[in-house]
Amino acid sequence: MISDSFHRQITYLRVSVTDRCNLRCVYCLPEDYAVSGDKKEILTYEELTELIHCFAELGFSRIRITGGEPLVRHGITQLVSAFAETPGIKDLAMSTNGLLLEKYAGDLAKAGLKRINISLDSINPEKFSRITRYGRIESVLRGIYAAAQHGINPVKLNVVVVRGVNSDEIGDFCELTAKLPIHVRFIELMPMGETGFFSEEKRVPYQEMLNLAAPLIPLEKRDWPEGGGPAHYFKRPGAVGTIGFISALSCNFCDNCNRVRLSSKGVLVPCLDGWMGVPLGEMLRKGGTKEEIKTEILKTIENKPQKHFMVERAKEELHHPSPRFMCSIGG
Ligand code: SAM
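Residues numbered from 1 in each chain as written. Predicted model: local features only at pLDDT ≥ 70, side-chain atom pairs only at ≥ 80, totals over all residues. Heavy atoms only, no water.

Asker: Quick rundown of the site of the ligand? Include the residues and the values.
Answerer: Taken together, 20 residues form the shell around the ligand, and within it Tyr27, Gly68, Glu69, Ser119 and Met190 come nearest. Here an oxygen atom of the ligand and a side-chain polar atom of Ser119 are 2.7 Å apart. In the complex, 94% of the free accessible area of the ligand, which totals 550 Å², lies under the protein chains. (Near = heavy atom within 4 Å. Polar contact = N/O pair within 3.5 Å; in protein donor to acceptor, adjacent residues only side chain to side chain. Areas by Shrake-Rupley, 256 points an atom, 1.4 Å probe, with all protein chains shown as cover.)

Asker: Give a detailed account of the pattern of salt bridges, specifying residues and quantitative values.
Answerer: The tally for this structure, following the rule as stated, stands at 19 salt bridges. As a salt-bridge pair, Lys127 and Glu169 come within 3.0 Å of each other at their nearest N and O atoms. Remark: Glu169 occurs in the loop between strand S5 (155-161) and helix H6 (170-179) and Lys127 occurs in helix H4 (residues 125-132); sequence separation between them is 42 residues. What makes Lys127 buried here is its relative accessible area of 10%. On the basis of relative accessibility, which here comes to 4%, the residue Glu169 falls in the buried class. Where Lys286 meets Glu282, a salt bridge forms, and the shortest distance between an N and an O atom there is 3.2 Å. (Salt bridge = Lys/Arg side-chain N within 4 Å of Asp/Glu carboxyl O. Helix = DSSP H or I, 4+ residues; strand = E, 2+ residues; numbered from the N terminus. Buried < 20%, exposed > 50% of the residue type's maximum accessible area, 1.4 Å probe, protein only.)

Asker: Hey, could you go over the packing of aromatic side chains for me, with residue numbers and the actual values?
Answerer: All chains considered together, the criterion is met by 6 aromatic pairs. Where Phe173 meets Phe186, the ring centres are 6.3 Å apart and the plane angle is 80°; that geometry is what we call edge-to-face. Of this pair, Phe173 sits in helix H6 while Phe186 sits in strand S6 (residues 183-188), placing them 13 residues apart in sequence. For Phe173, a relative accessible area of 0% gives the class buried. You can call Phe186 buried: its relative accessible area is 0%. Taking 5.6 Å as the distance between ring centres and 85° as the angle between the ring planes, the aromatic pair formed by Phe234 and Phe245 counts as edge-to-face. Of the two residues, Phe234 sits in strand S8 (residues 232-235) while Phe245 sits in strand S9 (residues 242-246), which places them 11 residues apart along the sequence. (Phe/Tyr/Trp six-rings, centres within 6.5 Å; stacked < 30°, edge-to-face > 60°.)

Asker: Describe the pairing of S8, naming the residues involved and giving the relevant values.
Answerer: Relative to S8, strand S7 (residues 217-218) runs antiparallel, the two sharing 2 bridges. Bridge pairing in S8 places Pro218 opposite Phe234. When S8 meets S9, the two strands line up antiparallel, connected through 3 bridges. Within S9, the position partnered with His232 by the bridge is Phe245. Taken together, S8 and the strand that follows it, S9, pair antiparallel across an intervening segment of 6 residues, in which Gly238 is found at a positive phi of about 75°. (Pairing = 2+ DSSP bridges.)

Asker: Please give an account of the pairing of strand S4 (residues 115-119) that cites residues and values.
Answerer: Along S4, 4 of the 5 residues are buried, which leaves the element largely enclosed by surrounding structure. Across 4 bridges, strand S3 (residues 91-96) lies against S4 in parallel orientation. Considered in S4, the bridge of Met94 is made with Ile116. Crossover S3 to S4 through helix H3 (residues 101-111) is right-handed. Direction of pairing for S4 relative to S5: parallel, over a ladder of 4 bridges. By the bridge assignment for S5, Asn117 is matched with Lys156. (Right-handed = clockwise from strand over helix to strand, strands pointing away.)

Asker: Account for the packing of helix H1 (residues 45-57) against helix H2 (residues 76-84), naming residues and giving values.
Answerer: Contact geometry of H1 with H2 gives a least axis separation of 10 Å together with a crossing angle of 20°. Classed by the angle they form, the pair H1 and H2 counts as roughly parallel. For the pair H1 and H2, the sense of crossing is right-handed. Contacts between H1 and H2 involve Tyr45, Glu46, Leu48, Thr49 and Ile52 from the first element and Ile76, Gln78, Leu79, Ala82 and Phe83 from the second. The residue makeup of the contact of H1 with H2, split by class, is 7 nonpolar, 2 polar and 1 charged. (Axes fitted to C-alpha atoms, helices over the stretch in contact; angles between N-to-C directions. Parallel < 35°, antiparallel > 145°, perpendicular 65-115°, else oblique. Left-handed = near helix turned anticlockwise from the far one by under 90°. Contact = heavy atoms within 4.5 Å. Nonpolar A, V, L, I, M, F, W, Y, C, P; charged D, E, K, R; others polar.)

Function cannot be read off these values alone, since they describe shape.
Quick look at the structure:
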């Protein structure tokens, strides 16, 4: 098992397989966002799989495929199979906006995808289109249904809460868990990239989200839905599903961080709040051996920062936006 210099065990890799996305959610990407750089820099499935083998040999056991939007990458189920078949990988999940999920859910399940997180920020069709800039909620709802039908479990819904946009829907999302076996997670808005969207006023802190979601019963960890993330879970009395909260700014959870991130170009990034990383993809293309790559992974983990600085950055973000987007680091 690998530990960093703060004695955290790092076993979880989030892999962004593309920077492209078929939505432009207002808090995530600018409307005119275009993927930069040469297409050839994006690692092939063979290259990504070679890197995953290095991580698995070092003791990584969990992978989440993310993006951009992973389902826009051609032949994605092929990559899911390759990751699922990698010795040592016990848990394979995906984050998606769900637009193309109806089409792929069956093949993803067959390929070995166990769990899925679907972003859904509003259950009001018009508001959903406004937040995503042009998404159609019907496609996402059909995707959620298809995932459940094909036995992908748990299905979690990720809701980024924004004051004045969807904070009035917290109660409605909680209601969904009354009869449906889904897990709704409310995510605190983070300062991220040059969207010009973030402001302290738009961020709804953890305690306020909790109040808006009441009544809630805290759940023991053993009753939480499967996953390795930072959410804390609750339940409405008598509900089938659960309600989780991910509050990176209100409740810094870095002490329990267990993850690093690999970009679609093969850059290994040790913290969500950092965009500098180690170019493992480039090393691989230059003929780096497995042992050399594994040594770089260990060094990067050794240097993983103790904590993120989003609280400090939140104050600065309006004047000095960070030069990166969530879709290149995978969320
Ligand atoms: N396209 C996939 C999806 O929609 O889940 C995966 C990539 S997306 C960047 C991953 C997650 O990051 C989504 O749940 C999204 O809502 C979240 N996200 C993006 N920008 C964010 C921000 N500024 N604050 C909080 N969460 C954000």
